[in-house]
Amino acid sequence: MIFQDIFLFLQVFNLNNILIFDTSSPTVFLGYKSKKEEYFIAEKFEKKQLNSKLPELFVPLSEKISGILPARMIIGIGPGSFTGIKTGLALFLSLLYTK
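All values reported here derive from a predicted model rather than from experimental measurement.

Caption draft 1: Region of the structure containing the overall build of the protein chain. Looking only at helices and strands, the protein chain has three helices and four strands in total. When its helices and strands are written in sequence order, the protein chain yields α-β-β-β-α-β-α. Within the protein chain, the proportion of its 99 residues that are buried is 37%. Within the protein chain, contacts between residues at least 6 apart in sequence are counted, and of these 55% link residues at least 24 apart. Of the roughly 5900 Å² of accessible surface on the protein chain, 58% is carried by carbon and sulfur atoms.

As structure tokens, then:
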């Protein structure tokens, strides 16, 4: 998976407070890396389930990063569904900034 390569890149260059997510393909990927921990999850489901499944995936991540302002965000942009990108980005940012 490409995002595992990104986590390796972040470790090699000692980059922290990074949020990573991709909702453009059927496999949704969410992740976070700080000095103390790494967290990522990947789950595959049909696009029609995006609105119901996405919040379930974001909640554990948003709880882990509560009160932390990320230094950078890495967002997967496809190839894939532009609707998935818009939906994921809107939900991700709203959960991030409401905590």
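Caption draft 2: Structural detail: helix H2 (residues 50–64). Over its 15 residues, H2 runs 22 Å from end to end, which matches the ideal 21 Å to within 8%, given 1.5 Å per residue. In the structure, H2 departs most strongly from a straight axis at phenylalanine 58, where the bend amounts to approximately 25 degrees and where the proline proline 60 lies between one and four residues downstream.

Caption draft 3: The arrangement of the nonpolar core in detail. Formed by 15 residues in total, the largest nonpolar core has its most connected members in Val28, Leu30, Leu54, Phe58, Leu61 and Phe92. When residues of this core are traced back to their parent elements, those giving at least two are strand E1 (18–22), strand E2 (27–33), H2 and helix H3 (82–98). Sort the elements by how many residues they give to this core and H2 lands first, with five residues. In contact with leucine 30, not counting residues within four places along its chain, are Ile20, Phe21, Tyr39, Phe40, Ile41, Leu57, Phe58 and Leu61. One finds Leu10, Ile18, Ile20 and Phe29 within the second-largest nonpolar core, a separate group that totals five residues.

About the thresholds
Residues numbered from 1 in each chain as written. Predicted model: local features only at pLDDT ≥ 70, side-chain atom pairs only at ≥ 80, totals over all residues. Heavy atoms only, no water. Helix = DSSP H or I, 4+ residues; strand = E, 2+ residues; numbered from the N terminus. Buried < 20%, exposed > 50% of the residue type's maximum accessible area, 1.4 Å probe, protein only. Contact = heavy atoms within 4.5 Å. Areas by Shrake-Rupley, 256 points an atom, 1.4 Å probe, with all protein chains shown as cover. Expected span 1.5 Å × (residues − 1). Bend = angle between axes of the 7 residues up to and from the residue. Core = buried A, V, L, I, M, F, W, Y, C linked by side-chain atoms within 4.5 Å.

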